[in-house]
Structure formats: structure tokens, C-alpha cells
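# Summary of structural features
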Amino acid sequence: MTGDVALYLAIGAGLYALGAIGFLARRNTILMILSAELMLHGVSLTLVTFGHMHATHEGQAFTIFVLTVAACDAGLALSLFLALYQKTRSLDIDVWTELREPDVPSPRRETGPPVSAEPLREFPRLSPAGRPPDLNGDLQETFDSQHSGDRELTLTGHRDE
Amino acid sequence: VHFLSRPDADQPQGTMHGLGRALFGDYLFAVELAGTLLLIASVGAIAMAPRREQGTL
């Protein structure tokens, strides 16, 4: 870590920005908690770089505390999401908006009327060609004659026993 | 112009000895607090997690 410290600070800021964007853009709870972890680790990299710049161990020591808090965070969040998934069979963060008082309006932004799906296009059908099979007629007889051999085989098998 | 401070080349850096001195010397109370926080968080996670049915691993 003898190179340019500004590069490490830039990488830490980039990790934090990516985590913030993921936390704000994603609606999946597990991806949101992963984005929060990404933000924490961007801060950790910045702390280590600052500690290196000041030639002290405080940055690394504080990074270990950040990792401890991140471990507590991840454990609690995963058990919470497990409980939520078993209740609602969904990992969407919008499920949590149901946990409000009845007189409080929904925090969800109104996104306008739902877009109506296009009606299914009618595809051209092939006209039926050839003679439709008549299963009650002679075809059934040929089916029986083909499988009568099987019946004889099983009969001979029984005879051998 | 160096707008960022430069590391001193004299002091030893990145040794586990110095890190252990910092953690268990200056920050001993914070280490104990972090361990207590981990214990409370694990107890809370186990308490919050949904129960399995009887007989399933």
C-alpha cells in the first residue's frame, strides 16, 4: 500500500456509491442488505487508507469493529427476512408497507394506472388435413391386435411360474 | 501540492503486534462492547428466526 492513497480513497468512494445505488434501486430485501454491506466495506477501505496515511493502527482497529457490526447486521437481517418469507412467501420490500397504522397513507408512490396488457393476437390456425383418426372403428381393432401379443407374453410368463 | 497527508516511513506499519496493542490496549473496552453486541445479536437472531417443525433437522 505504498502507492497513491488517492486511488484507494477513490475505490472506497466507488464502493460506497455502488452500494447506495443498489440500496435505493433494488426492491429485493437480500440484495438491499448486500448493498448495505457494500457501503460498509467501502467505508472500511477508506478507514484503512486514512489509518495508513496517519501511520497509526486506529483505522484497522476501527475496521474490525465495523466488521463486527456488519456481522450482527447480517445475522439479524437474515433471520428477519426468513421470518418474513415464511409469513408472506415474498422477498419484496413493499411487503413491509403493510405494517402501518390503518389511518396512515401508504408510503408507496402512486405510479399511475396499471398498464393494460395487449390483447393476445389471434394466430392463424392450420386447417385440418387428412382423415381424422377414428378410434372406435378399425384403428381400435388394429390397436387390440398389436397388443394381443403382449398379452400372450404375459400369459406365457405366468405359465412359467 | 500534496492535498493528502503522506505516511511516515519510520513507524512500522501493518504488523499484528501493533494492531493487537491498539485493539487490546487502547480499545479494550470497545472490544468487550463489540463482543457483547455480537452475543446479543446472535441471541436475537435465534429468537427471531422461525421455528422448525418437530423432527426436522
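Cut-offs applied
- Residues numbered from 1 in each chain as written.
- Chains lettered and ligands numbered in written order.
- Predicted model: local features only at pLDDT ≥ 70, side-chain atom pairs only at ≥ 80, totals over all residues.
- Heavy atoms only, no water.
- Helix = DSSP H or I, 4+ residues; strand = E, 2+ residues; numbered from the N terminus.
- Buried < 20%, exposed > 50% of the residue type's maximum accessible area, 1.4 Å probe, protein only.
- Areas by Shrake-Rupley, 256 points an atom, 1.4 Å probe, with all protein chains shown as cover.
- Contact = heavy atoms within 4.5 Å.
- Buried area = accessible area lost by both parts, 1.4 Å probe.
- Salt bridge = Lys/Arg side-chain N within 4 Å of Asp/Glu carboxyl O.
- Polar contact = N/O pair within 3.5 Å; in protein donor to acceptor, adjacent residues only side chain to side chain.
- Nonpolar A, V, L, I, M, F, W, Y, C, P; charged D, E, K, R; others polar.
- Core = buried A, V, L, I, M, F, W, Y, C linked by side-chain atoms within 4.5 Å.
- pLDDT = per-residue confidence, 0-100.
- Expected span 1.5 Å × (residues − 1).
- Patch = residues over 30% accessible without salt bridge, like charges linked within 9 Å, V, L, I, M, F, W, Y side chains within 5 Å.
- Phe/Tyr/Trp six-rings, centres within 6.5 Å; stacked < 30°, edge-to-face > 60°.

### Quick notes on the overall build of chain B
Counting secondary structure elements, chain B contains two helices and zero strands. Looking at chain B as a whole, 16% of its 57 residues qualify as buried. In the structure as shown, chain B presents an accessible area of about 4800 Å², 64% of it carried by carbon and sulfur atoms.

### What to know about the interface of chain B and chain A
Each partner contributes residues to the interface: chain B has 27 residues there, and chain A has 27 residues. Interface area, chain B with chain A, both sides summed: about 2200 Å², of which 72% is carbon and sulfur. Our enumeration of links across chain B and chain A arrives at zero salt bridges. In this structure, the connection of chain B to chain A is made through two residue pairs in polar contact (both at pLDDT 80 or more). Going through the elements one at a time, α1 (16–26) and α2 (28–48) of chain B are the ones with two or more residues in the side of chain B that touches chain A. For the side of chain B that touches chain A, the class distribution of residues is 17 nonpolar, seven polar and three charged.

### Digging into the side chain of T29 of chain A
Residue and element names in this part refer to chain A. Here T29 lies in helix α2 (residues 29–53). Relative accessible area serves as the criterion here: at 1%, T29 is assigned to the buried category. Residues within four places of T29 in sequence aside, it is in contact with F81, L91, D92, I93 and W96.

### Points about the nonpolar core
Nonpolar side chains in soluble globular proteins tend to be buried together. If you look at the biggest cluster of nonpolar residues, it comprises six residues: A61 and F65 of chain A together with L19, L23, V31 and A34 of chain B. When near neighbours in sequence (up to four residues on either side) are disregarded, V31 of chain B contacts F65 of chain A together with L23 and F24 of chain B.

### Here we look at the environment of T49 of chain A
All names here are of chain A. As for its position among the elements, T49 is in helix α2. Relative accessible area serves as the criterion here: at 0%, T49 is assigned to the buried category. Here the alpha-carbon distance between T49 and Q60, two residues eleven residues apart in the chain, equals 8.9 Å. Within the structure, T49 has its side chain in polar contact with the backbone oxygen of L45 (distance 2.7 Å).

### Focus: the confidence of the model for chain A
Per-chain confidence: chain A averages 80 in pLDDT, with 74% of residues scoring 70 or above. Of the regions scoring below 50 in pLDDT, residues 151–161 of chain A engages in zero contacts with residues more than four places distant in sequence or in other chains.

### Some details on α2 of chain A
Residues and elements named next belong to chain A. Between its first and last C-alpha atoms α2 spans 36 Å; for 25 residues at 1.5 Å apiece the expected length is 36 Å, and the two agree. Regarding α2, its N-cap is N28, as a side-chain oxygen of that residue lies 3.2 Å from the backbone nitrogen of I30 further along. Backbone geometry just after α2 places A55 at a positive phi near 55°.

### Thoughts on a nonpolar patch on the surface
Residues and elements named next belong to chain A. A cluster of nonpolar side chains, namely I30, L31, L34 and L78, defines an oily patch on the protein surface of about 320 Å² accessible area. The element contributing the most residues to the nonpolar patch is α2, with three residues. Among the secondary structure elements, L31 is positioned in helix α2. By relative accessible area, which is 32% here, L31 ends up partly exposed.

### Focus on the packing of aromatic side chains
Evaluation of the coordinates by the stated rule reveals one aromatic pair over all chains. Each ring, one from F65 of chain A and one from Y27 of chain B, has its centre 6.4 Å from the other, and the planes form 75°; the classification is edge-to-face. On the criterion of chain membership, the pair formed by F65 of chain A in helix α3 (residues 58–88) and Y27 of chain B in the loop between α1 and α2 is interchain, its members lying in two chains. Taking relative accessible area as the criterion, F65 of chain A reaches 13% and is therefore assigned buried. Since its relative accessible area comes to 25%, Y27 of chain B is described here as partly exposed.

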